[in-house]
Amino acid sequence: MILATVRTPEGTTHAARLDGEEYTLLPGHADLGALLAHEDWRRIARDAEGPRHHRSGVEERTLVPRPSKVLCAGLNYTGHIREMGRELPAHPTLFAKFADTLTGPRDAVEAVAEDPEMDWEGELALVVGRTAHRVSEEEAGAHIAGYTVANDISMRGWQYRTTEWLQGKIWARSTPVGPVMVTPDGFDADTAVLRTTLNGEVVQEHAVADLLFSPAHLLAYVSTMVPLHPGDLILTGTPGGVGRARTPQRYLRPGDLVEVSVDGIGTVSTPIV
């Protein structure tokens, strides 16, 4: 099942189910987060028979606009860690974002005057579908609503002002997510490839299966510390190919178009303005 948050030509926003090229609206649910708050969200989404719109006739919006938590993993692709000459970590490297950081899958992101080192980080993200607190890795799959695409656009100059990354990761409206959430039965992490392009040039291309800590491991690990709630997001990390690691270094500029896709989910397309 494929779900999204869409805005209709009338200007109303709804959770919706995508069937082929047609969205079925889920009346009474203003966005995917509101839908996931219902324990029986799968049945509600599966059985919905609301108004229908062709995909081209609606605007796909921020998937979950107000999650209670956005957690992110760094250094989580085995090949990327090894190519950097580092030892594989024993535990995930985590940092947090806030709801104000999120934006839609087609929204522009503004370059900021305070930091010219704006970088891309294409990522697979998971959406929590059921409250999880102190769950095991074996139990974690039952708490994952589905998967989506994200671009953890990072302000590297600010990120590396200190050893803590937070200040480079939480700029307002800098993290596009979407365009849809695909439930686990419709997504094959063993074969999916993540690709990031900059103005049409491939800058990242890597198998999702190379993740060191799987989505289930990340959910279980985070839930050991803090409860996760429906609609919460976990970004699973980026592979090699980011701008800062290139020689010479390369950063996003106004006029650029950066796109992140994951096989079986879709593409986040972000103009830099």
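Preceding this paragraph is the structure being described.
Each residue is numbered by its place in its chain's sequence as written, counting from 1. Note on the predicted model: pLDDT of at least 70 is required for a residue's local features to be given, and 80 or more for side-chain atom pairs to be given and counted; whole-chain, interface and lining totals, by contrast, use all residues. Excluded from the side-chain calculation are hydrogens and water; included are all heavy atoms of the structure.

(A) Seen up close, the nonpolar core. Ranked by size, the top nonpolar core spans 38 residues in total, and within it Leu219, Val262 and Ile265 carry the most contacts. Strands here are runs of E lasting at least two residues and helices are runs of H or I lasting at least four, both read from the DSSP assignment and numbered beginning at the N terminus. The dominant element in this core, judged by the number of residues it contributes, is helix H6 (residues 215-225), at five residues. When near neighbours in sequence (up to four residues on either side) are disregarded, Ile265 contacts Leu124, Tyr147, Thr148, Val149, Val180, Val182 and Phe187. By size, the runner-up hydrophobic cluster in this structure holds 23 residues, among which are Leu36, Val64, Cys72 and Leu235. What we call a nonpolar core is a set of buried Ala, Val, Leu, Ile, Met, Phe, Trp, Tyr and Cys residues that are connected through their side-chain atoms within 4.5 Å. Only protein chains enter the area calculation, which uses a 1.4 Å probe; residues under 20% of their type maximum are buried, those over 50% are exposed, and those in between are partly exposed. Only heavy atoms matter for contacts: two residues are in contact if any of them lie within 4.5 Å across the pair.

(B) Summary view of the packing of aromatic side chains. Working definition: rings of Phe, Tyr and Trp (its six-membered ring) pair if their centres are within 6.5 Å, and the pair is stacked with planes under 30 degrees apart, edge-to-face with planes over 60 apart, and tilted otherwise. This model, assessed by the stated rule, comprises three aromatic pairs. Measuring from ring centre to ring centre gives 5.1 Å for Tyr147 and Phe187, while their planes differ by 35°; the resulting arrangement is tilted. Of this pair, Tyr147 sits in strand S11 (residues 144-151) while Phe187 sits in the loop between strand S13 (175-182) and strand S14 (193-198), placing them 40 residues apart in sequence. For Tyr147, a relative accessible area of 12% puts it in the buried group. Note on Phe187: relative accessible area 9%, which makes it buried.

(C) Focus on unusual backbone geometry. In this structure, the amide linkage connecting Gly178 to the following residue, Pro179, adopts the cis form with an omega of -5°. Positionally, Pro179 belongs in strand S13. Residue Pro248 is bonded to the preceding Thr247 through a cis peptide linkage, with omega at 0°. Along the polypeptide, Pro248 turns up in the loop between strand S16 (233-235) and strand S17 (257-262). Non-glycine residue Leu75 carries a positive phi angle of around 50°. With respect to the element layout, Leu75 can be found in the loop between strand S6 (70-74) and helix H3 (78-83). The phi angle at Arg134 is positive, at roughly 60°, despite the residue not being glycine. The topology assignment puts Arg134 in the loop between strand S10 (122-128) and helix H4 (137-140). Under the relative-accessibility criterion, Arg134 is labelled exposed at 58%.

(D) Just the pattern of salt bridges, in detail. Counted as salt bridges are all cases of a side-chain nitrogen of Lys or Arg within 4 Å of a carboxyl oxygen of Asp or Glu. One pass over the structure, following the stated rule, counts 21 salt bridges. One salt bridge connects Glu60 with Arg55, and the closest N-O pair in it is separated by 2.7 Å. Relative accessible area serves as the criterion here: at 8%, Glu60 is assigned to the buried category. What makes Arg55 partly exposed here is its relative accessible area of 23%. Lys97 is the salt-bridge partner of Asp152, the closest N and O atoms lying 2.7 Å from each other. Here the residue Asp152 occupies a position in the loop between S11 and strand S12 (154-155), and Lys97 occupies one in strand S7 (residues 93-97), the gap between them amounting to 55 residues. For the pair Asp152 and Lys97, one class covers both residues: buried. Counted as one network, the salt bridges with shared partners bring together Lys97, Asp119, Glu121, Asp152, Arg156 and Lys169.

(E) Structural detail: the environment of Gly266. Within the secondary structure, Gly266 is located in strand S18 (residues 266-271). Taking the C-alpha atoms as reference points, Gly266 and Ala209, separated by 57 residues in sequence, lie 17 Å from one another.

(F) Quick peek at the sheet that holds strand S15 (residues 201-207). The strand order across the open sheet built from four strands is S15-S14-S17-S18, with neighbouring strands paired in antiparallel fashion. Edge positions in the sheet fall to S15 and S18, since each has one partner strand and no second. Taken over all neighbouring pairs, the strand axes of this sheet differ in orientation by 10° on average, direction set aside. For two strands to count as paired, DSSP must find a minimum of two bridges between them. By the bridge criterion, five bridges tie S14 to S17 in an arrangement that is antiparallel. In the strand pairing of S17, Leu198 is matched with Val258. Here, axes are lines fitted to C-alpha atoms. For helices the fit covers the stretch in contact, and angles between N-to-C directions go from 0 to 180 degrees.

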